[in-house]
Each structure stands twice: as structure tokens, then as C-alpha cells.
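Each chain, letter by letter, is given below.
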Amino acid sequence: MCHMAINGWLSFSVMKKWNFDGPDWNIKYWRDLRKDPGSFFSRQSGGESVMVWAAFGFNGQVGLAFLDGRQISPKYIETLQNYLMPFAENIGERNWEYQHDNAPTHTFSATKNYLNSKNVTVLEWPPISPDLSQIENMWGFMSRKVYENRGKFYSMNALKTAIESAWYNLEPEILQTLIMSMKERAYDVLLKNGKTLNY
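Residues numbered from 1 in each chain as written. Predicted model: local features only at pLDDT ≥ 70, side-chain atom pairs only at ≥ 80, totals over all residues. Heavy atoms only, no water.

As recorded in an unreviewed UniProt entry, the protein chain goes by the name Transposable element Tc3 transposase, listed as coming from Araneus ventricosus.

Visitor: Hey, could you run me through the overall build of the protein chain in this one?
Guide: Assigned secondary structure in the protein chain consists of 7 helices and 8 strands. By residue count, 42% of the 199 residues in the protein chain fall in the buried class. When contacts within the protein chain are restricted to residue pairs at least 6 apart in sequence, those whose partners lie at least 24 apart make up 71%. Of the roughly 11,900 Å² that the protein chain leaves accessible, carbon and sulfur atoms contribute 50%. (Helix = DSSP H or I, 4+ residues; strand = E, 2+ residues; numbered from the N terminus. Buried < 20%, exposed > 50% of the residue type's maximum accessible area, 1.4 Å probe, protein only. Contact = heavy atoms within 4.5 Å. Areas by Shrake-Rupley, 256 points an atom, 1.4 Å probe, with all protein chains shown as cover.)

Visitor: What is the right way to read helix α6 (residues 172-180) from this model?
Guide: Since there are 3.6 residues in each turn of an α-helix, residues three or four apart along the chain are aligned in direction. Residues of α6 that are buried include every one of Leu175, Leu178 and Ile179, and no others. Looking down the long axis of α6, one finds its buried residues gathered within 100° of arc, a one-sided arrangement. The exposed residues of α6 that point more than 90 degrees off its buried face are Glu173 and Thr177. (Arc of directions from axis to C-beta.)

Visitor: Where do I start with the side chain of His100 in this structure?
Guide: Inspection of the secondary structure assignment puts His100 in the loop between β7 (96-99) and α2 (104-107). For His100, a relative accessible area of 4% corresponds to the buried category. A polar atom in the side chain of His100 sits 2.6 Å from the side chain of Tyr76. (Polar contact = N/O pair within 3.5 Å; in protein donor to acceptor, adjacent residues only side chain to side chain.)

Visitor: Sorry if this is basic, but what is going on with the packing of helix α4 (residues 134-146) against α6 here?
Guide: Axis angle and axis distance: for two packed helices, these are the angle between their axes and the distance between the axes, and together they describe the pair. Two elements in contact, α4 and α6, have axes whose closest approach is 9 Å; the angle formed by their N-to-C orientations is 150°. The orientation of α4 relative to α6 falls into the category roughly antiparallel. In this structure, α4 crosses over α6, and the sense of that crossing is right-handed. Side by side, α4 and α6 meet where Gln134, Asn137, Met138 and Phe141 of the first sit next to Ile174, Leu175, Leu178 and Ile179 of the second. Grouping the amino acids of the contact of α4 with α6 by side-chain chemistry returns 6 nonpolar, 2 polar and no charged. (Axes fitted to C-alpha atoms, helices over the stretch in contact; angles between N-to-C directions. Parallel < 35°, antiparallel > 145°, perpendicular 65-115°, else oblique. Left-handed = near helix turned anticlockwise from the far one by under 90°. Nonpolar A, V, L, I, M, F, W, Y, C, P; charged D, E, K, R; others polar.)

Visitor: Explain the nonpolar core to me, please; I cannot follow it from the model alone.
Guide: Note that soluble globular proteins tend to have their nonpolar side chains buried in a common cluster. Ranked by size, the top nonpolar core spans 28 residues in total, and within it Trp18, Met138, Trp139, Met142, Val146 and Leu159 carry the most contacts. Those residues within four positions of Trp18 in sequence are excluded, and the remaining contacts are Glu48, Ser49, Val50, Val52, Trp139, Met142, Ser143, Val146, Tyr147, Leu159 and Ile163. The next biggest cluster of nonpolar side chains, apart from the first, holds 17 residues, and it includes Leu84, Ala88, Trp96 and Tyr98. (Core = buried A, V, L, I, M, F, W, Y, C linked by side-chain atoms within 4.5 Å.)

Visitor: For this particular structure, what's the right way to read the packing of aromatic side chains?
Guide: This model, assessed by the stated rule, comprises 4 aromatic pairs. Arranged with centres 5.6 Å apart and planes meeting at 80°, the rings of Trp18 and Trp139 form a pair that is edge-to-face. Here the residue Trp18 occupies a position in strand β1 (residues 9-19), and Trp139 occupies one in helix α4, the gap between them amounting to 121 residues. With a relative accessible area of 4%, Trp139 lands in the buried category. Taken together, a centroid distance of 6.5 Å and an interplanar angle of 55° make the contact between Trp53 and Tyr83 tilted. One end of the pair, Trp53, is in strand β4 (residues 49-57); the other, Tyr83, is in helix α1 (residues 73-90), with 30 residues separating them in the sequence. By relative accessible area, which is 31% here, Tyr83 ends up partly exposed. Aromatic ring contacts, followed pair by pair, group Trp18, Trp139, Tyr147 and Phe153 into a single cluster. We note Lys16 situated over the ring of Trp18; from NZ or CZ to the ring centre the distance is 5.0 Å. When the ring centre of Phe66 is taken as reference, the NZ or CZ atom of Lys160 above it lies at 5.2 Å. (Phe/Tyr/Trp six-rings, centres within 6.5 Å; stacked < 30°, edge-to-face > 60°. Lys NZ or Arg CZ within 6 Å of the ring centre and 35° of its normal.)

Shown next, in the form of C-alpha cells:
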């Protein structure tokens, strides 16, 4: 991991589910001083949600893709073709690296063949590695905006609009700082033998 050149273009991508009534990890906390502390999840199972694919690099972010249905390799390839590749062409990059996790959709032979055909180098990625993925931090920034003031949504369009607003208003400095943290993250993961980091 430590060999990668941050001065070249590196794109990180991920899919994320956004719920009408808060992120998956959103927990309400209550405390009755007469009782022991307790916590509970705020979200009811089976609520409506939106699935989003996004990617970003040092030079900016790729347009958001709102996904429909089960994401299989052909659908993922279509997303890459319609969103990632045009972005790379627009910024004039020729030799660049792309990061996605080891989900079956990403490691399927058709996906690999497509990226190879486009001369895209895919970064080797270890399993269960959230501390290495800057895009997880970026989702955190966005979630605070999308669900600020404990906001809930009652329509798909309203949720999509909030997600788009949070994405397209991310400050470039935030993305650049996250990208530049990659070498330090990789070093810290090795130093701590894969234990949780403070990222």
C-alpha cells in the first residue's frame, strides 16, 4: 500500500445506503439518572432508502450515481462507464489508480476485464479495512449535513436533493486532505498490526 504515488491521480469509490430516517449507524442515546445508561437504534427495519455510488480523487469528485435494484457486475460496469470514465477523461488523466473494496461485484471477472480494457490500475485492497478508506470519512462529513438537526425525510426526492447538496458542496480542501492522509494511514495500519485507528 505504501508504494502508491499520491502526486498521481488516485480515485476512491464506494456504494452507500442512505435511509429516510438516518444513517445505519445513527444511534439515539438517553439517560435516566435513576437508571443505568442505555441506548437504542433510531431506525426501524424495512424503511425506505436510497443507494448511492460516489468516487473522488485529489482533483475533485465524480458525479453521484443513484442506483436501482441489486448491484451486479454489469450494472457496476455501467456506472463506471457513465460516471467514472468521463470524469477521468475530462481531467485529462491517462495513468491513474482506482480503489474499490473487495465486494463480489468489484472482483467479478467481467468487472476486472472492463477496467483492464480501459487501462485502469486497481489498487490492491485488504479485506475489512475501513481505516484505510478516506471515503468513509467523507461519508461522515456528508451524513452530518444530510441529517443535521436530526432531520428525517418523507420523500425520495427530498433525500436525493439533500445528498446531492452535501456532495457537491464538499470543500476541495477536505478531499485533498483525505487523499494526502493515505500514506500515513497505511503506515499506521502496519504499525498497529491492523488494529483500529483514530481516523
